[in-house]
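# Chains, contacts and geometry: an overview
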Amino acid sequence: MIKVECDGEVLEFSNEISANEVIKKAYGKKSGAVAALVNDEEKDLSYLLTQSCRVEPIQDNSNEGLYIMRHSCAHLLAQAVTELFPNAKPTIGPPIDDGFYYDFFMDPINEDDLRRIEKLMKKIVKQNLPIERQEHNNETLRKMFSDNSFKMEIMDDKIGQEVGSSVYKQGNFVDLCRGPHVESTSKLRWFKLTNTSQAFWRADSSRETLVRIYGMCYSSKEDLQNRENLLREAAKRDHRKLGKDLQLFHIDEMVGQGLVLWTPRGTIIRNELQQFISEHLILQGYQQIYTPHIGKLDLYRTSGHFPYYQDSQYPPIIKRDTLRKLSDENCTCGELSNLMSDGEIDGYMLKPMNCPHHIRVYTSQPRSYRDLPLRLAEFGTVYRWEQSGEISGMTRVRGFTQDDAHLFVTEEQIEQELLGCIELVKVIFGTLGMEDYRVRIGLRASDSDKYVGSPEKWNTAEEACRNAAASLGVEFSEEPGEAAFYGPKIDFVVKDVLGREWQLGTVQVDYNLPERFDLTYVGSDGEKHRPVMIHRAPFGSMERFCGVLIEHFNGMFPTWLSPTQVHILTISEKHKKYAEKIAKTLRDLALRVEVDSGDDTIGKKLRTHRKMRPAYLMILGDDEQKNETVSFMGPDREQNTGILLEKFISDITTEIKSKL
RNA sequence: GCCACCGUGGCUUAGCUCGGUAUAGCGACUGAUUCGUAAUCAGUAGGUCGGGGGUUCAAAUCCCCCCGGUGGCUCCA
């Protein structure tokens, strides 16, 4: 007698019975179950219950259920691929957010192949092939997959020599897998293959290159369509598209990859943001500085950025005389590079970060404990040679301006100063309504020796990071191994419309550079002490932040940020004078105003100007002119007719001042 | 950097499979119109098809190289 607890009731069976039968009995035939939870362990529906236990269904629309379906869908993909491309070797195929992927060792495929594969998958779904689990010992498994070195490698690592494991079979396709899976291919109706890419076996670029095929998979047609709609909508607010449409920035192939040209309208947004930050810097006791865009190689030899990070830097600038001399001596590029690394040749480098310059501002004067914390801030432009394939719009570029600052502090001041930094980030994100961000604390990896600074100092700094994050009531995650080699950090990560995460603000503790530059301050004891540095950039970079902001606001910026705040449209040309008069009044108040008194119809003008998404669209005609009023549509899209100009002015200026 | 795909006037785009110097709309400009809430009418200008090379009597169309973009991979001190 087997007693099975299911849906709060205890059912009794005289013989062993499958989880599926029990669930059907308790929940009916259309339970929506794709797998079962047997004593809290995920099992196939076909799993045979041989003794008393608890059973619950895993629904197809639950996170766990979707995960299982997506995993099964990956198998379905592999079945189709191996049928169409018999030489393809399946490697791994996990479920991911919204779908799945599978990596194959095979020749690259194109879009047509992808559609052929998808078609075959649909056919297999219709065939309603049962998906069966089989248990095998290690020896048998190795025989089964002897022609697939990748699967063999997985077995070497994961399963070891002794233990047997399971495979799943559908039709003629068998895959090494611990499951569970849906019971039949017919359960996998709502999927779509999305794209292919190249990946490396074990994410190691020195290993085999694989063809990765991505797909999405849902439990219902509606969910799949919703996802497709979401992606379509997201594409519309892509900052690269809006940046072009709204004339916010331009990236020109003649200027160079990843080099942003800020157009007049985009520059307004950037300036407003910088102004906003500057105000808060003053409140927090920062001092702003300017430093040049280049520095001597020696500066970066001291900081350690040269020659070690050469791959991600623009090549150095060598003096003309030196180059000429070396050229006369038939010096090769390799020799030149060595001479630079050795310090025998000097030159200049575009700065890949601002810290060394700021450090030299620190050392320009003797410092005492009374000077600390010294907070030096700069909107500093840096240049990094990002891989060409990584560059994208404003979010990943080769030249960008950080809202950077370096705080030189005593050991005891770290926590207090971290707190200030986080507060600043919080104010900025709060003002802009960016509530959907996460805080990540990067800590040491326990097993690595790449870190500089004593373990005691690290403990203090890590604790300070935790306390800073916690005391502000921000939710945060601790991630060991995410720290920089020179100190722990707090990162602020936001998601874009497509769910991709972007790191924006960052706060980092640094024990390394003070050491390398031999920074000191005189303490109250009259002795020299080593300060600690804190790097922080609440926006990260102006480019990335604006890119994310464009998508966040869908191009409809709050009035204080809007490149053009009021667009004045006239009903006919005879209202031109009145429009100019209103425009002048508003411009005198430093409002950004555009006037369209052309001969288009009002309908046409509305259509044209709405495209630029100004904060206010103002319409002026006979009624307004006669009564000295204005009519407008504001950010709320509501029509306001016959409003006194004074009222409009007081409302819009209040709105701008309070950054609503 | 790697794999796949893409690149036609300011923007969107037809043509490319089966080679014979390019299609339309928006925008711009000119004129008419002076109009009350998502496209007034007519006309004009503007491209040699991302760049270079090759095949050919002839290339936007076929081949090669390069540049740029998109999606991923890898990377992000």
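Residues numbered from 1 in each chain as written. Chains lettered and ligands numbered in written order. Predicted model: local features only at pLDDT ≥ 70, side-chain atom pairs only at ≥ 80, totals over all residues. Heavy atoms only, no water.

### Observations regarding the packing of helix α8 (residues 264–283) against helix α13 (residues 414–431)
Axis separation between α8 and α13 bottoms out at 11 Å; the angle between their running directions is 145 degrees. Once α8 is placed against α13, the crossing between them reads as right-handed. Residues Phe-276, Ile-277, His-280 and Leu-281 of α8 pack against Leu-424, Val-427, Ile-428 and Thr-431 of α13. Grouping the amino acids of the contact of α8 with α13 by side-chain chemistry returns 6 nonpolar, 2 polar and no charged. (Axes fitted to C-alpha atoms, helices over the stretch in contact; angles between N-to-C directions. Helix = DSSP H or I, 4+ residues; strand = E, 2+ residues; numbered from the N terminus. Left-handed = near helix turned anticlockwise from the far one by under 90°. Contact = heavy atoms within 4.5 Å. Nonpolar A, V, L, I, M, F, W, Y, C, P; charged D, E, K, R; others polar.)

### Topic: the protein's contact with RNA strand B
Close contacts around RNA strand B come from 51 residues, with Gln-198, Ser-388, Glu-390, Glu-573 and Asp-599 the closest. The contact in question runs from a base nitrogen of RNA strand B to an N or O atom on the backbone of Thr-196, over 3.2 Å. In this structure, Tyr-214 approaches RNA strand B through a side-chain N or O atom, which is 3.1 Å from a sugar or linking oxygen. Mapped by element, the contributors of at least two residues to the surface near RNA strand B are β14 (190–200), β15 (209–218), α18 (602–610) and α19 (622–627). (Near = heavy atom within 4 Å. Polar contact = N/O pair within 3.5 Å; in protein donor to acceptor, adjacent residues only side chain to side chain.)

### Things to note about a negative patch on the surface
A cluster of acidic side chains, namely Glu-5, Asp-7, Glu-9 and Glu-56, defines a negative patch on the protein surface. Here Glu-56 lies in strand β7 (residues 53–59). (Patch = residues over 30% accessible without salt bridge, like charges linked within 9 Å, V, L, I, M, F, W, Y side chains within 5 Å. Areas by Shrake-Rupley, 256 points an atom, 1.4 Å probe, with all protein chains shown as cover. Salt bridge = Lys/Arg side-chain N within 4 Å of Asp/Glu carboxyl O. Lys, Arg positive; Asp, Glu negative; His and termini not counted. Charge placed at Lys NZ, Arg CZ, Asp CG, Glu CD.)

### Some points on the nonpolar core
The biggest cluster of nonpolar side chains holds 83 residues, and the ones touching the most others in it are Leu-273, Phe-429, Leu-432, Phe-545, Ile-568, Leu-586 and Met-618. Of the residues forming this core, the biggest block, 8 residues, is contributed by α13. Of the domains in this structure, domain 3 (261–293 + 351–552) and domain 4 (566–657) are the two that each give at least three residues to this core. In this structure Phe-545 touches Leu-273, Ile-428, Phe-429, Leu-432, Met-434, Leu-504 and Phe-539, once residues within four positions along its chain are discounted. (Core = buried A, V, L, I, M, F, W, Y, C linked by side-chain atoms within 4.5 Å. Buried < 20%, exposed > 50% of the residue type's maximum accessible area, 1.4 Å probe, protein only. Domains from an automatic or database assignment.)

### Structural notes on a nonpolar patch on the surface
Taken together, the side chains of Ile-294, Ile-317 and Tyr-348 make up a nonpolar region of the molecular surface, amounting to roughly 230 Å² of accessible area. Looking at the element boundaries, Ile-294 is found in strand β19 (residues 294–296). Assessed through its relative accessible area of 34%, Ile-294 is described here as partly exposed.

### Digging into the domain arrangement of chain A
Interfaces are frequently sized by the accessible area removed from exposure as the parts join. Its domain assignment divides chain A into domain 1 (2–59), domain 2 (64–233), domain 3 (261–293 + 351–552) and domain 4 (566–657). Taken over C-alpha atoms, the centre of domain 1 sits 68 Å from the centre of domain 4.

### Notes on the pattern of salt bridges
For the coordinates displayed, the defined rule picks out 40 salt bridges. Where Lys-43 meets Glu-41, a salt bridge forms, and the shortest distance between an N and an O atom there is 3.5 Å. Look at Glu-41 and you get partly exposed, because its relative accessible area is 48%. Put simply, Arg-207 and Glu-153 hold a salt bridge, and the shortest N to O gap is 2.9 Å. One end of the pair, Arg-207, is in the loop between β14 and β15; the other, Glu-153, is in helix α5 (residues 149–159), and 54 residues separate them in sequence. Three or more residues joined by partner-sharing salt bridges are found here, namely Glu-153, Arg-202, Arg-207 and Glu-208.

### A short note on unusual backbone geometry
The omega angle of the peptide bond from Gly-179 to Pro-180 is -5 degrees, so this bond is cis rather than trans. Along the chain, Pro-180 falls in the loop between β13 (173–176) and β14. Here the residue pair Phe-306 and Pro-307 is connected by a cis peptide bond, since its omega of 5 degrees sits within 30 degrees of zero. Turning to its location among the elements, Pro-307 is positioned in the loop between α9 (297–303) and β20 (317–318). Look at Glu-628: it is not a glycine, yet its phi comes out positive at around 55 degrees. Looking at the secondary structure, you find Glu-628 in the loop between α19 and β34 (629–633). Given a relative accessible area of 44%, Glu-628 falls into the partly exposed group.

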